[in-house]
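Okay, here's what each chain looks like letter by letter:
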Amino acid sequence: QVQLVESGGGLVQAGGSLRLSCAASGRTFSNYAMGWFRQAPGKEREFVAAISWSGGYTHYADSVKGRFTISRDNAKNTFLQMNSLKPEDTAVYYCAADYRVDHSMVIVTTAAYDYWGQGTQVTVSS
């Protein structure tokens, strides 16, 4: 079992930056591919970014490419650096984890993840 806790959300002006963190606890964190998703009011949860368990492979949604960066450390933390934020980035952001054998696997679909955090609110004002 893996527990995930997000932090780092808040209110920021357009053009600003935020860094989200996702702390994992429970069993060993190795071999868990990680992802960030977001859900705006009235919309479905959508993919933002993903990283393989090795950390060597990443993938981004087109809407955030070049502005957001996903990373992970050797402990149990995954990060989402968000720069040049836009009002349309406003949403609840969730991190997710899933066990994978393949060190290069990145996962972009919500259904593929077994573990989810509770979410952190990001609000970007215009």
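All of these numbers come straight from a predicted model, not from anything done at the bench.

A short note on the state of the cysteines
Enumeration according to the criterion identifies 1 disulfide in this entry. Note on cysteine connectivity: Cys22 is disulfide-linked to Cys95, with sulfurs 2.0 Å apart. As the torsion about the S-S bond is roughly 55°, the Cys22-Cys95 disulfide counts as right-handed. Of this pair, Cys22 sits in strand β3 (residues 18-26) while Cys95 sits in strand β9 (residues 91-99), and the two are 73 residues apart along the sequence. Summarising the burial analysis for this pair, Cys22 and Cys95 share the class buried.

Examining unusual backbone geometry
If you check the backbone angles, Asn31 has positive phi at about 70° while not being a glycine. With respect to the helices and strands, Asn31 occurs in the loop between β3 and β4 (32-39). Not every positive phi belongs to a glycine, and Ser84 is a case in point at roughly 50°.

Quick word on the environment of Gly119
Looking at the element boundaries, Gly119 is found in the loop between β10 (115-116) and β11 (120-125). Taking the relative accessible area as the measure of exposure, Gly119 reaches 15% and is therefore buried. Put simply, Gly119 and Tyr94 are 25 residues apart on the chain and 4.4 Å apart in space, counted from C-alpha to C-alpha. In contact with Gly119, not counting residues within four places along its chain, are Glu6, Val92, Tyr93 and Tyr94.

Cut-offs used in this document
- Residues numbered from 1 in each chain as written.
- Predicted model: local features only at pLDDT ≥ 70, side-chain atom pairs only at ≥ 80, totals over all residues.
- Heavy atoms only, no water.
- Disulfide = S-S within 2.5 Å.
- Helix = DSSP H or I, 4+ residues; strand = E, 2+ residues; numbered from the N terminus.
- Buried < 20%, exposed > 50% of the residue type's maximum accessible area, 1.4 Å probe, protein only.
- Contact = heavy atoms within 4.5 Å.

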